[in-house]
Amino acid sequence: IDPAGSTDLDQAVWIERRGSGYRVHYAIADVASFVRAGGAIDREAHTRGVTFYSPDLRTSLHPPVLSEGAASLLPDVDRPAVLWRIDLDSAGLPVEVDVERALVRSRAKLAYAEVQKGLDAGTADESLVLLREVGRRRQELEVERGGIDVRVPDQEIEADGPGFRLAMRAPHPVEGWNAQISLLTGMSAARIMLDAGVGIVRTMPPPPDDDYERLRRTAEGLGIDWPRDVSYAELVRHLDPRPPAHAAFLNLVTILLRSAGYTVVEREADDDAPDVLRHAAVAAPYAHVTAPLRRLVDRYGAECCLAVAAGREVPQWVLDGLPALPEEMRVADQRARALDRAC
């Protein structure tokens, strides 16, 4: 499930009932099956770090013949994938997680708008109905642990005669439910790597009080009521991203997220995942493993999880590349933000 017109498809999801709970099948594009470590494509991917998006151009992390063709989980073709199977109880909590390489065939490429329409009309198939069910369960758990869910409106730059115009689009509810599957997988991956003492996780320390005070002053200036006894996480869940004042405030989440980065997991790491290895906005340990076509670090995290799950050593090329990844991704994220601001 992606924006309409997308062809670089990192993920495919299928959910089924399992007793009183659920089984989530989440297939992720297996980029490592195509990109040779140390080869020309791999070296260029390390230089870029991420895919860059401009109004009329997508500068891909990998050659389009891979990211939009052979490695993309396009419908009705067989593709190698990193397949996550996550069993959940009736509340949406994981009870068993497994990951392995597999050959998959995606049955359909869906767009958010059409999925939302089908769910609202009661015509969606069972897996999509379960996506809504599981997504809501996971959102409830996110509230309980204090995670931040910010529905930032999408900024879409559209052709307008000889130039362009900026359009704002509020996300559909299904986008939040779909994002919860990615978050679930990233949290599961982080737990695997932390338990094994090897890998790389996405981390963010708790924002300083000064950042929250700055946001409170901004909220007051925008006419947004923010009682002192209401947390930021509670506030943003109830804001409508469509009014301009709310959209402006929600976009300021970058103030809180600016300290996010990546941390290499060492073998002597504390089993209890100290704060330095947690992501404050997720309110749990978390890793990026679900978008390897568009983000370099995901390929490394996936390989660590695959090795641990199979009971074998992590490949040497992964171990050799881990130390440099935090700085490579910092530079890439900084460049992507600068491009976005310029656009």
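Model, not experiment: these values are computed from the prediction.

## What to know about the overall build of the protein
Then, number 1: Of regular secondary structure, the protein possesses 12 helices and 10 strands.
Then, number 2: A globule of 343 residues ought to have a C-alpha radius of gyration of about 20 Å, and the protein, at 20 Å, matches this closely.
Then, number 3: By principal-axis analysis of the C-alpha atoms, the protein measures approximately 55 × 50 × 50 Å.
Then, number 4: In the protein, which comprises 343 residues, the share counted as buried stands at 46%.
Then, number 5: Put simply, of all contacts in the protein between residues at least 6 apart along the chain, 70% involve residues at least 24 apart.
Then, number 6: When the accessible area of the protein is evaluated, it comes to approximately 16500 Å², of which 51% is carbon and sulfur surface.
Then, number 7: With 41 positive and 54 negative side-chain charges, the protein shows a separation of 3 Å between the mean positions of the two kinds.

## Some thoughts on the environment of Pro63
Then, number 1: Relative to the elements of secondary structure, Pro63 occurs in the loop between strand E4 (57-59) and helix H2 (64-70).
Then, number 2: On the basis of relative accessible area, Pro63 is assigned to the partly exposed category, the value being 31%.
Then, number 3: Separated by 18 residues in sequence, Pro63 and Ala45 place their C-alpha atoms 9.4 Å apart.

## Concerning empty space enclosed by the protein
Then, number 1: Tallied over the full model, the rule gives two cavities of 30 Å³ or more.
Then, number 2: Put simply, the largest cavity is a space of about 50 Å³.
Then, number 3: Considering the residues around the largest cavity, the lining is formed by Ile28, Ala29, Asp30, Val31, Ala32, Val82, Val289, Pro292, Asp298, Arg299, Ala302 and Glu303.
Then, number 4: Secondary-structure elements contributing two or more residues to the lining of the largest cavity are strand E2 (21-29) and helix H10 (296-310).
Then, number 5: Sort the elements by how many residues they give to the lining of the largest cavity and H10 lands first, with four residues.
Then, number 6: The class makeup of the residues in the lining of the largest cavity is eight nonpolar, no polar and four charged.
Then, number 7: For the second largest cavity, the calculated volume is near 30 Å³.

Conventions used here
Residues numbered from 1 in each chain as written. Predicted model: local features only at pLDDT ≥ 70, side-chain atom pairs only at ≥ 80, totals over all residues. Heavy atoms only, no water. Helix = DSSP H or I, 4+ residues; strand = E, 2+ residues; numbered from the N terminus. Rg over C-alpha atoms; globule rule 2.2 N^0.38 Å. Buried < 20%, exposed > 50% of the residue type's maximum accessible area, 1.4 Å probe, protein only. Contact = heavy atoms within 4.5 Å. Areas by Shrake-Rupley, 256 points an atom, 1.4 Å probe, with all protein chains shown as cover. Lys, Arg positive; Asp, Glu negative; His and termini not counted. Charge placed at Lys NZ, Arg CZ, Asp CG, Glu CD. 1 Å grid on protein atoms, 1.4 Å probe; cavity = no way out; pocket = protein on both sides within 12 Å on 5 of 7 lines; lining within 4 Å. Points joined across faces, edges and corners; volume = space filled by probe spheres on them. Nonpolar A, V, L, I, M, F, W, Y, C, P; charged D, E, K, R; others polar.

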